[in-house]
Amino acid sequence: MDNLLLEIGTEELPASVINPALDYLKRSINEILKAEKVITYGTPRRLALIFEGFVNEGEEREEVIWGPPKSVAYDEEGKPTKALEGFLRKNNGKPEEVKILKKNKGEYVALVRKVKEKAPVDKLREEFENILLSIPFPKRMRWTSSKRITFSRPVRWILALHNDKVLELSFGNLISSNRTRGHRFLSSGEIEIKSHRDYERILKENYVIPSFEERKRIIEEEVKRLSQEVNGKPSYPEGLVEEVTNLVEYPFAVLGRFDEKYLELPPLVVITVSAHHQRFFCIEREGKLLNYFIGISNNRPNEKIREGYEKVLRARLEDALFFYREDLKKDLKELVPKLKNVVFHPKIGSLYEKEERMEEIAKRLCPLLECDWEKVRTAVYLSKADLLTEMVKELDELQGYMGYIYALKQGYDEEVAIALWEQYKPKSLEDEVPKTKTGTILSLSDKIDNLYSFFKAGEIPKGSSDPYGLRRSAFGIIKILHEKGLDVNLLQFRDIYELENLRELEEFLRQRLISYLGNYPVDIVRAVLNVYSPFEPYKVIKNVELLYEASKSENFNKLVEVAKRVSRIIPKGWEDTEVKEELFEKEEERELYKALRELESRKVKTPLELLKLKEVIDSFFDNVRVMAEREEVRRNRLALLKRVENLFRKFGDFNEIVIKEGQDVSG
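Remember, predicted model here, so these are calculated numbers, not experimental data. (Residues numbered from 1 in each chain as written. Predicted model: local features only at pLDDT ≥ 70, side-chain atom pairs only at ≥ 80, totals over all residues. Heavy atoms only, no water.)

A. View of the overall build of the chain. Per the secondary structure count, the chain includes 25 helices and 18 strands. Reported as C-alpha extents along the three principal axes, the dimensions of the chain are approximately 100 × 95 × 45 Å. Counting every position in the chain, which comprises 667 residues, the buried fraction comes to 50%. Across the chain, contacts joining residues at least 24 apart in sequence account for 69% of those joining residues at least 6 apart. Positive and negative side-chain charges of the chain, numbering 115 and 118 respectively, have mean locations separated by a distance of 3 Å. (Helix = DSSP H or I, 4+ residues; strand = E, 2+ residues; numbered from the N terminus. Buried < 20%, exposed > 50% of the residue type's maximum accessible area, 1.4 Å probe, protein only. Contact = heavy atoms within 4.5 Å. Lys, Arg positive; Asp, Glu negative; His and termini not counted. Charge placed at Lys NZ, Arg CZ, Asp CG, Glu CD.)

And the structure:
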């Protein structure tokens, strides 16, 4: 079995592009090689892959070369015509090679030949440049006179070994070799790689740890170790370790400190300033930040590096402290009128107008949670004020949090303050929903306004593009309504926006619900969405849950079959449900109507309760002719069945549900 080592050496790549680029290269190249095992390595200066266990032989396949119809290829005596002779001459064929094959209901002459495709490595050699050019980098750059050759950063070398021998690959004017480079500062010159088995070891000897996971583990261990030296533990935002891992080739941890006066700042401000600007890790003890931090250097640490880290962080914290003290001089409510001059979106209006719409939404939502309207109204009024604070202008990821901090400092109700932070929750499907009633109402109001406003403005997400985070807003609404048990019909806010065409918004919500319910069988989700509007997320989710639980029963298939049996006989578009008992002619009609009325008179908690109808429905169909000759009797029987169908449709459209194979659906 063959192996291949490939390394693309570059100038320092942005941390965010390394792992996605490796995933793309792994997928694209292995579509050609079909290796049993692929190992990926990535650092700021290299994207590397090792493919092990592939066969470098072109696959053999049959190729059919079609000729003229049989009737044209042979005369009445069965002898070859000039048409056949010309076909054979053109394709270097012999008469004995000719086969008669069927095509388009006719018979044609054909030549069937075995064709051997190019070997995978030869295919890679041909496609290599295009593969590199197709990596989906957010931005690409040119560094030569060629307008065609682009990459995230300049490519400086290519290492390629096939079975430990140089494989000639090219990218622009760059030709591959068996040489790589070590750490920019701690290694010198080029390094020869003789075997793919030596690759990782030799790089480590030259101060490069090529494995992302190993560098990440070292950083986590070092951050933990240095934190323990000052009797603390690390405190940092999600994703920082992963980002720092792709900023260094050989991590060295450095412990620094800053003046205690900066602990006057709210903890999240210190953490954000440290992580946002310098990718530093903060340290806490018993829930309180310490005046220490940890930086990860790509070079051996010394006093100069530590002092440099401390100096740059001190400057950032000094700015933050100035902003913080200046912001506290102004009450949040003083900033609200200025929101009239802040454009939310050119087609939508100002942030002040957004708050006015949010207040109307909140007013309609408030009774659902029996919340304190004065608290909600205050929270809505203050919701966007912190966007005008100096701190949020500098660090926009602190929006909401700074509103919470300033509101507490300025004596506002605690729940109002918390709501200002909670309005942006949940930020992802993994994030928690608001805990307070006020925060729940504020978050829903903000997200509902986002959806209606941007859809009215025509700013609808397309493909992977979603510049206004509307998918996140929709997921947030769905998750809050689900976890809080709020049965809200989102159509009730339509009049606020005078949005006439709701089809695009409805389909958008439908797709978000399908994604949110991705762990459930698609036929069950589809069955519910055929009955319940995406504008009622809670109803959709609860009925998907009910149907899914019912589907675990061994009797579920019987329930689906009987529901489909009822639906099949009802004419399309039939809506009449008025049943007249005096028109019943058969006892089976009366029995079905009696069972139906009993179920209609109470709340049916699970679809499985409808199995009580199976016996009477089967008896009805066995003994009653639905399409009776008398029109009034026929209509009455269809109305009865429509009522039965509507009972099933309280849980979903059973016609969408796929009956599991191998399960009995009889009696």
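Structure shown, so let's carry the discussion forward.
B. View of empty space enclosed by the protein. Counted by the stated rule, this structure contains 2 cavities of 30 Å³ or more. Here the largest cavity is characterised by a volume of approximately 60 Å³. In terms of lining, the largest cavity is formed by Val273, His277, Arg316, Asp319, Ala320, Phe323, Glu394 and Leu395. Elements supplying a minimum of two residues to the lining of the largest cavity: helix H8 (267-278) and helix H9 (303-327). The greatest single-element share of the lining of the largest cavity, amounting to 4 residues, is contributed by H9. (1 Å grid on protein atoms, 1.4 Å probe; cavity = no way out; pocket = protein on both sides within 12 Å on 5 of 7 lines; lining within 4 Å. Points joined across faces, edges and corners; volume = space filled by probe spheres on them.)

C. The arrangement of the layout of surface pockets in detail. Estimates place the volume of the largest pocket at around 780 Å³. Along the walls of the largest pocket sit 24 residues, with Pro237, Glu238, Leu268, Glu397 and Lys427 positioned nearest its centre. Contributing elements (two or more residues each) for the lining of the largest pocket: helix H7 (240-245) and H8. It is H8 that contributes the most residues to the lining of the largest pocket, 5 residues altogether. Across the lining of the largest pocket, the residue classes tally to 10 nonpolar, 6 polar and 8 charged. Gln399, Tyr424, Asp446, Asn450 and Arg472 are, among the 21 residues lining the second largest pocket, the residues nearest its centre. Elements supplying a minimum of two residues to the lining of the second largest pocket: helix H11 (351-369), helix H16 (437-456) and helix H17 (470-484). The leading source of residues in the lining of the second largest pocket is H16, at 4 residues. (Nonpolar A, V, L, I, M, F, W, Y, C, P; charged D, E, K, R; others polar.)

D. A look at the environment of Met402. Note on placement: Met402 falls in helix H14 (residues 401-409). When the C-alpha positions of Met402 and Pro534 are compared, they lie 34 Å apart, and in sequence the two are 132 residues distant. Setting aside chain neighbours within four positions, we find Met402 in contact with Pro266, Val269, Tyr324, Asp386, Met391 and Val392.

E. Geometry of the nonpolar core. Counting 79 residues, the largest nonpolar core has Leu265, Val269, Met391, Met402, Ile448, Tyr452 and Leu505 as its most contacted members. No other element matches H16, which puts 8 residues into this core. Setting aside anything within four residues of it in sequence, one finds Ile448 in contact with Ile361, Leu365, Ile477, Leu490, Phe493 and Tyr497. If you look at the next biggest cluster of nonpolar residues, it comprises 50 residues, including Tyr516, Val544, Phe584 and Phe651. (Core = buried A, V, L, I, M, F, W, Y, C linked by side-chain atoms within 4.5 Å.)

F. Expanded view of the sheet that holds strand S15 (residues 281-285). Taken in spatial order, the 4 strands make up an open sheet running S13-S15-S16-S14, and their pairing is antiparallel. Each having just a single partner strand, strand S13 (233-235) and strand S14 (252-257) make up the two edges of the open sheet. The average angle at which neighbouring strand axes cross in this sheet is 40 degrees, direction not considered. In the sheet, S13 pairs with S15 via 3 bridges, with the strands oriented antiparallel. Within S15, the residue paired with Pro234 across the bridge is Ile283. (Pairing = 2+ DSSP bridges. Axes fitted to C-alpha atoms, helices over the stretch in contact; angles between N-to-C directions.)

G. Seen up close, unusual backbone geometry. Looking along the chain, the bond that leaves Lys425 and enters Pro426 is cis, with omega of -10 degrees. Within the secondary structure, Pro426 is located in the loop between helix H15 (414-422) and H16. In the Ramachandran plot, Asn231 falls in the positive-phi region, its phi being about 60 degrees despite a non-glycine side chain. Inspection of the secondary structure puts Asn231 in the loop between helix H6 (212-229) and S13. In this structure, Arg279 takes a positive phi of about 60 degrees despite not being glycine.

H. Focus on the pairing of strand S6 (residues 106-116). Alignment of strand S4 (residues 60-69) against S6, held across 8 bridges, turns out to be antiparallel. Looking at the pairing, Glu62 lines up with Lys114 of S6. By the bridge criterion, 6 bridges tie strand S5 (residues 98-103) to S6 in an arrangement that is antiparallel. Along S6, the bridge assignment pairs Leu101 with Tyr108. Counted between consecutive antiparallel strands, the loop separating S5 from S6 contains 2 residues, among which Asn104 sits at a positive phi close to 50 degrees.

I. Main features of the packing of H16 against H17. Relative to each other, H16 and H17 sit at 140 degrees, their axes nearing to 9 Å. Classified by the angle their axes make, H16 and H17 are oblique. Where H16 crosses over H17, the two elements pack in a sense that is left-handed. Residues Thr440, Ser443, Leu444, Lys447, Ile448, Asn450, Leu451, Phe454 and Phe455 of H16 pack against Leu470, Ser473, Ala474, Gly476, Ile477, Ile480, Leu481 and Lys484 of H17. Its residues placed into classes, the contact of H16 with H17 shows 10 nonpolar, 5 polar and 2 charged. (Parallel < 35°, antiparallel > 145°, perpendicular 65-115°, else oblique. Left-handed = near helix turned anticlockwise from the far one by under 90°.)

J. Region of interest: the confidence of the model for the chain. For the chain, the mean per-residue pLDDT works out to 93, and 99% of the residues sit at or above 70. Of the regions scoring below 50 in pLDDT, residues 662-667 engages in 11 contacts with residues more than four places distant in sequence or in other chains. (pLDDT = per-residue confidence, 0-100.)

K. Structural context of the pairing of strand S2 (residues 37-43). Where S2 lies against strand S3 (residues 46-54), 7 bridges are found, and the strand directions are antiparallel. Of the residues in S3, the one forming a bridge with Gly42 is Leu47. Linking two consecutive strands that pair antiparallel, namely S2 and S3, is a turn of 2 residues.

L. Here's a closer look at the sheet that holds strand S1 (residues 2-10). Across the sheet, which stays open at both edges, the 5 strands sit in the order S2-S3-S1-S7-S8 with antiparallel pairing between neighbours. Of all the strands in the sheet, the pair left with one neighbour each is S2 and strand S8 (165-166). Judged from the 2 bridges that link them, strand S7 (residues 155-162) and S8 form a sheet pairing that is antiparallel. In the strand pairing of S8, His162 is matched with Lys165. Of the strands in this sheet, S1, S3 and S7 touch helix H4 (residues 120-133), which is tilted by about 20 degrees from S1.

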